[in-house]
Amino acid sequence: MAMNLTRRNFLKTASIAAASVPLSRVAAKAESGVVKKPLAAPGSFKNTKTVVGGVCEMCFWRCQLVGKVRDGRLLKLEGNPKSIDNGVSLCARGNGGVAMLYDPDRLKYPLKNVGKRGEPKWERISWTEALDICGSKLKAIVDQHGAKSIAVFPHGSSAKYPMDFFERTVGTPNVSEASFFQCRGVRDMAYITTLEIAPDENVDMANAKVIFLTGSHLGENVHVSHLKGYLKGLERGAKLVVLDPRFSAAASKADIWVPIKPGTDTAMLLAIMNYLVENKKYAVDFVEEYGEGFEQFAAGIKEWTLERAAAECEVPAAQIKQIADLLAANMPNVAIHPGRHVTWYGNDFQRERALACLTGLLGAIDVKGGLVKPIGPKGLKGTNWPQSEGHGEGNLREMEDVHHFHPPGTPTELIRDAAISGQPYPIKGCVIWGQNMIQTLPGQEKTIKMLEQMDFVLCADVMPTDVTMYADILLPDCSYLEKYDYIKSGTQWDLSAEHQQYIAPRMALVEPGFERKDCVWITNEIAKRMGYGDKIPVASQEEMMAKVLEGAGLTLDKIREEGGIHIQPGEAPYGKNDYLIVHFFSEDLGEYEYPAIPTYIPVEPPPAGYMRMLYGRTPLHTFNRSINNPWLIHEAPINPVWVNDKVAARLGLKNGDTVRLVNQDGVESRTTTVVKVTPGIREDSVYLYHGYGTRNKEMTFSVDKGVDDSSLITKIAIDPETGAHGLRNNFVKLVKVG
Ligand code: MGD
Ligand code: SF4
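Residues numbered from 1 in each chain as written. Chains lettered and ligands numbered in written order. Predicted model: local features only at pLDDT ≥ 70, side-chain atom pairs only at ≥ 80, totals over all residues. Heavy atoms only, no water.

Some remarks on helix α20 (residues 519–530)
For step 1, the next point in the chain: Taking 1.5 Å of rise per residue, the 12 residues of α20 would be expected to cover 16 Å, and the 16 Å separating its terminal C-alpha atoms lies within 8% of that figure.
For step 2, the next point in the chain: In terms of residue burial, α20 counts as a mostly covered element, since 9 of its 12 residues are buried.
For step 3, the next point in the chain: Among the residues making up α20, those that are buried are Cys-519, Val-520, Ile-522, Thr-523, Asn-524, Glu-525, Ile-526, Ala-527 and Met-530.
For step 4, the next point in the chain: Against the buried residues of α20 lie α5 (127–145), α6 (160–170), β12 (429–433), β13 (456–461), β14 (473–476) and α21 (541–550).
For step 5, the next point in the chain: Of the residues that open α20, the one with a side-chain oxygen 2.9 Å from the backbone nitrogen of Val-520 is Asp-518.
For step 6, the next point in the chain: Just past α20, the residue Gly-531 takes up positive phi, approximately 95°. (Helix = DSSP H or I, 4+ residues; strand = E, 2+ residues; numbered from the N terminus. Expected span 1.5 Å × (residues − 1). Buried < 20%, exposed > 50% of the residue type's maximum accessible area, 1.4 Å probe, protein only. Contact = heavy atoms within 4.5 Å. Polar contact = N/O pair within 3.5 Å; in protein donor to acceptor, adjacent residues only side chain to side chain.)

Structure (structure tokens):
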């Protein structure tokens, strides 16, 4: 289906802000109920001082910022004009950082739960008392059950230092960054197995002749410099192919949009590859030189004719052929996007393997427009806690001999199951640092059961969230605008431009408010109380940063003088890497009895009367992390559920009707949302934005707004190779309210 008209219109006016904000504002107006008034705008920015060195963490792309500050108060954030990454652009969420900083609901003091877990009553206590409780409780658990009895759930920059402490020095293997497992961990492991590199999102879209997106809903999924590359590629004439059951923002710009049947992408990828091989339309020389196991691969995918895939994916065979021909005609300058959030169905390692093989088959590695790893600055080194002798003992994954291609850490489900059953050993202490496991993990009841059986739960966060309701002690962490804790480095997004590299350490733009403390101070104080005082690697955040910068011959002061970002000449990356290898057939996978060539594993169809529940991002929020942000929730106050217009007519639903969602196991959404009737989604699916439906009443701007999709994911599928959760295997029906 050609979409040239909308594409041309879009390109004329495209800017990131224009692509995202106004549309959602229109939607918000049409769909919103009454929302609380946002914080007042600061008026003029006269007499402000520009403070350099900010690094955004409203999401994890970490754009570089400057702040307009008056009398110690931050009034506005802007992109750092020195940045060769995001430049002066920030997305709506990046701008909204100001409202996060001063959100009246934020955590301000250490708190002790004198009520029940899940129904907390908070008592303000001193830092000394809070740290004494944390140190003594965690030490008692380690003394009684060993280091492995502590489970750690970290996320974000501030969680790295405490995570290292518990993993390396205390020695627990039960660390699970669910947000990595449930996000891009599967992608990285599949690409490392196939191409021996983690791809990150290193596709050179700015210089591609074809951009191929499987799901990735760029434009709704917003990462500023990534979007710049994508838009530049389209502006330079790249053809866009989008596989998505929904008419996403990306689909609206596509030359070919394939409303593919959910869960069948691997079948389509196999058919494309089989067609390319059978018709010798692949990069023959490249494959001969760098391919391994190509004959077994070619023989193994032979059954995937265009017709077979067409039937499986509910797409015309001619359209699959059209895509394959387009890729062949433009190889090797094709950007096969590896995706970012890829844990969809619990068979996702195979789809990611297929994408990596397709990239190799087209020779689209290390060339303009292909998968190209930028060459970043050298010399930066991390500061680690020392590794203890017993480190890693009791690794649940090794004990069960499963998920041999797992991302770093222990698969979340193994920790959760062990904690609930007490087998093979008790897990009694829980440290949650910046991760909202209630919203991030499927199977909320299991997460709650796990937390309830703990002897002690420590949460450190910037906000009260759904998971902090289960804490015994809740510590107020500094936000990314109030501390020094991360160094972003890289190159510019347009790899064909004159090459430069940058180093941007995060520096505080304002002093921490109330009694908030940073992760280095908090962790060191807990470590001392647990008996690890002599192992502390750095005394402060500034010392940690100084040590990392030392290797590159830099200091914080020097970088501050340079405007917050150090820029140096770099090297163009094309043809410079030595990772060229494509394991079409993987002996490593075969050895563990996983499919050695990419394999399609069908998913269960929706039961009669139900539709598959799909979800994605709104440009205005980062999951539940930003949901209470007064400015952002004002713009996007609810997550309407997209329903196909024919289905809506059959169900008697109109645009704006209020509904509750009920899943295949009879679980009802706690809250309601409104219906968005559209031809832009398949009849077998509904769609909503992830991150809404907050239950914590302390989040006063967002509580009970929209529906929590995670609460409806009760059927859990685990990806066998990696142990990650697939999140799109649940089905819902819509029940009209009122
Ligand atoms: P996806 O799950 O690939 O997420 O963003 P992406 O990686 O782009 O994309 C969701 C799309 O997949 C939807 O359009 C949905 O209709 C489609 N889809 C659903 N099922 C299928 C299927 O079976 N096949 C195909 N082909 N498509 C399907 C996530 C990424 O976004 C991540 S991981 C992070 S951490 C960032 N988070 C984030 C955020 O929270 N907010 C905003 N605004 N931007 C973000 N950017 C990043
Ligand atoms: Fe911040 Fe937006 Fe950049 Fe993410 S993409 S780091 S939210 S400005």
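Now that the structure is up, let's keep going.
What to know about the sheet that holds strand β4 (residues 111–113)
Strand pairing in a sheet takes place through backbone hydrogen bonds and is either antiparallel or parallel in direction.
For step 1, the next point in the chain: The 6 strands are arranged β5-β4-β14-β13-β12-β6 in an open sheet whose pairing can be described as mixed. The open sheet has two free edges, formed respectively by β5 (122–124) and β6 (150–154), since each of these has just one partner strand. Ignoring strand direction, the axes of neighbouring strands in this sheet form an average angle of 20°.
For step 2, the next point in the chain: Across 3 bridges, the pairing between β4 and β5 is antiparallel. When the bridges of β5 are listed, Asn-113 appears paired with Trp-122. (Pairing = 2+ DSSP bridges. Axes fitted to C-alpha atoms, helices over the stretch in contact; angles between N-to-C directions.)

As for the pairing of β12
For step 1, the next point in the chain: The element β12 is largely enclosed, with a buried count of 5 among its 5 residues.
For step 2, the next point in the chain: Residue alternation in β12 divides its side chains into two sets, Gly-429, Val-431 and Trp-433 and Cys-430 and Ile-432, and both sets are buried.
For step 3, the next point in the chain: In the sheet, β12 pairs with β13 via 5 bridges, with the strands oriented parallel. Of the residues in β13, the one forming a bridge with Val-431 is Leu-458.

Description of the domain arrangement of the protein
For step 1, the next point in the chain: In terms of domain boundaries, the protein breaks down into domain 1 (111–181 + 379–479 + 515–562), domain 2 (189–374) and domain 3 (611–736).
For step 2, the next point in the chain: Using C-alpha coordinates to define each centre, domain 1 is positioned 30 Å away from domain 3.
For step 3, the next point in the chain: Across the boundary between the two partners, domain 1 contributes 29 residues, which contact 27 residues of domain 3.
For step 4, the next point in the chain: Around 2100 Å² of area is buried between domain 1 and domain 3 when both sides are counted, 54% of it from carbon and sulfur atoms.
For step 5, the next point in the chain: Mapped by element, the contributors of at least two residues to the side of domain 1 that touches domain 3 are α17 (412–421), α18 (437–440) and α19 (444–452). (Domains from an automatic or database assignment. Buried area = accessible area lost by both parts, 1.4 Å probe.)

Regarding the site of ligand 2
For step 1, the next point in the chain: Every residue lining ligand 2 is accounted for by Cys-56, Met-58, Cys-59, Arg-62, Cys-63, Leu-90, Cys-91, Arg-93, Gly-94, Val-222, His-223 and Val-224.
For step 2, the next point in the chain: A breakdown of the residues in the shell around ligand 2 according to their chemical character gives 8 nonpolar, 2 polar and 2 charged. (Near = heavy atom within 4 Å. Nonpolar A, V, L, I, M, F, W, Y, C, P; charged D, E, K, R; others polar.)

Things to note about the packing of aromatic side chains
For step 1, the next point in the chain: Scanning the model with the defined rule gives 19 aromatic pairs in all.
For step 2, the next point in the chain: Judged by centre distance (5.3 Å) and plane angle (90°), the ring pair of Trp-127 and Trp-521 falls under edge-to-face. Here Trp-127 is found in helix α5, whereas its partner Trp-521 is found in helix α20, with 394 residues between them in sequence.
For step 3, the next point in the chain: Taking relative accessible area as the criterion, Trp-521 reaches 28% and is therefore assigned partly exposed.
For step 4, the next point in the chain: When the ring of Phe-297 is compared with that of Phe-584, the centres are 4.9 Å apart and the planes differ by 40°; the resulting orientation is tilted. Residue Phe-297 is located in helix α12 (residues 294–300), and its partner Phe-584 is located in the loop between β18 (582–583) and α23 (587–591); the two are separated by 287 residues in the primary sequence. Here Phe-297 and Phe-584 have matching classes, each one buried.
For step 5, the next point in the chain: One aromatic cluster is present, built from ring pairs that chain together Tyr-161, Phe-165, Phe-166, Trp-385 and Tyr-532. (Phe/Tyr/Trp six-rings, centres within 6.5 Å; stacked < 30°, edge-to-face > 60°.)

Description of a negative patch on the surface
For step 1, the next point in the chain: Residues Glu-196, Glu-292, Glu-587, Asp-588 and Glu-591 make up a contiguous surface patch of negative charge.
For step 2, the next point in the chain: Counting residues per element, the negative patch draws most heavily on α23, at 3 residues. (Patch = residues over 30% accessible without salt bridge, like charges linked within 9 Å, V, L, I, M, F, W, Y side chains within 5 Å. Areas by Shrake-Rupley, 256 points an atom, 1.4 Å probe, with all protein chains shown as cover. Salt bridge = Lys/Arg side-chain N within 4 Å of Asp/Glu carboxyl O. Lys, Arg positive; Asp, Glu negative; His and termini not counted. Charge placed at Lys NZ, Arg CZ, Asp CG, Glu CD.)

A look at the site of ligand 1
For step 1, the next point in the chain: As a structural note, the neighbourhood of ligand 1 is formed by 30 residues, with Asp-244, Asp-265, Tyr-345, Thr-618 and His-621 the closest of them.
For step 2, the next point in the chain: With respect to ligand 1, the side chain of His-217 contributes an N or O atom lying 2.7 Å from an oxygen atom.
For step 3, the next point in the chain: Side-chain polar atom of Asn-221 to a nitrogen atom of ligand 1: 3.0 Å apart, as the coordinates give it.
For step 4, the next point in the chain: Relative to its free-state accessible area of 910 Å², ligand 1 is covered by the protein chains to the extent of 99%.
For step 5, the next point in the chain: Counting residues domain by domain, the shell around ligand 1 receives three or more from each of domain 2 (189–374) and domain 3 (611–736).

Some thoughts on unusual backbone geometry
Note: most peptide bonds trans; most residues except glycine with negative phi.
For step 1, the next point in the chain: Residue Pro-332 is reached from Met-331 by a cis peptide bond, and omega for that bond is 10°.
For step 2, the next point in the chain: Along the chain, the position of Pro-332 falls in the loop between α14 (317–330) and β11 (334–336).
For step 3, the next point in the chain: The phi angle at Glu-196 is positive, at roughly 65°, despite the residue not being glycine.
For step 4, the next point in the chain: Inspection of the secondary structure assignment puts Glu-196 in the loop between α8 (185–195) and β7 (210–214).
For step 5, the next point in the chain: On the accessibility criterion, Glu-196 (47% relative accessible area) is partly exposed.
For step 6, the next point in the chain: In this structure, Asp-704 takes a positive phi of about 65° despite not being glycine.
For step 7, the next point in the chain: In this fold, Asp-704 is placed in the loop between β23 (685–689) and β24 (717–718).

Re the environment of Thr-305
For step 1, the next point in the chain: Its location among the elements puts Thr-305 in the loop between α12 and α13 (306–313).
For step 2, the next point in the chain: Exposure remark for Thr-305: the relative accessible area of 34% places this residue in the partly exposed category.
For step 3, the next point in the chain: Separated by 35 residues in sequence, Thr-305 and Leu-270 have C-alpha atoms that sit 8.6 Å apart.
For step 4, the next point in the chain: Those residues in contact with Thr-305 that sit more than four places away from it in its chain are Ala-271 and Asn-274.
For step 5, the next point in the chain: In this structure the side chain of Thr-305 is engaged in a polar contact, spanning 3.0 Å, whose partner is the backbone nitrogen of Arg-308.

A short note on the state of the cysteines
For step 1, the next point in the chain: This structure, assessed with the given rule, holds 0 disulfides.
For step 2, the next point in the chain: Its sulfur unpaired, Cys-134 is 10 Å from the next cysteine sulfur, which belongs to Cys-459. (Disulfide = S-S within 2.5 Å.)

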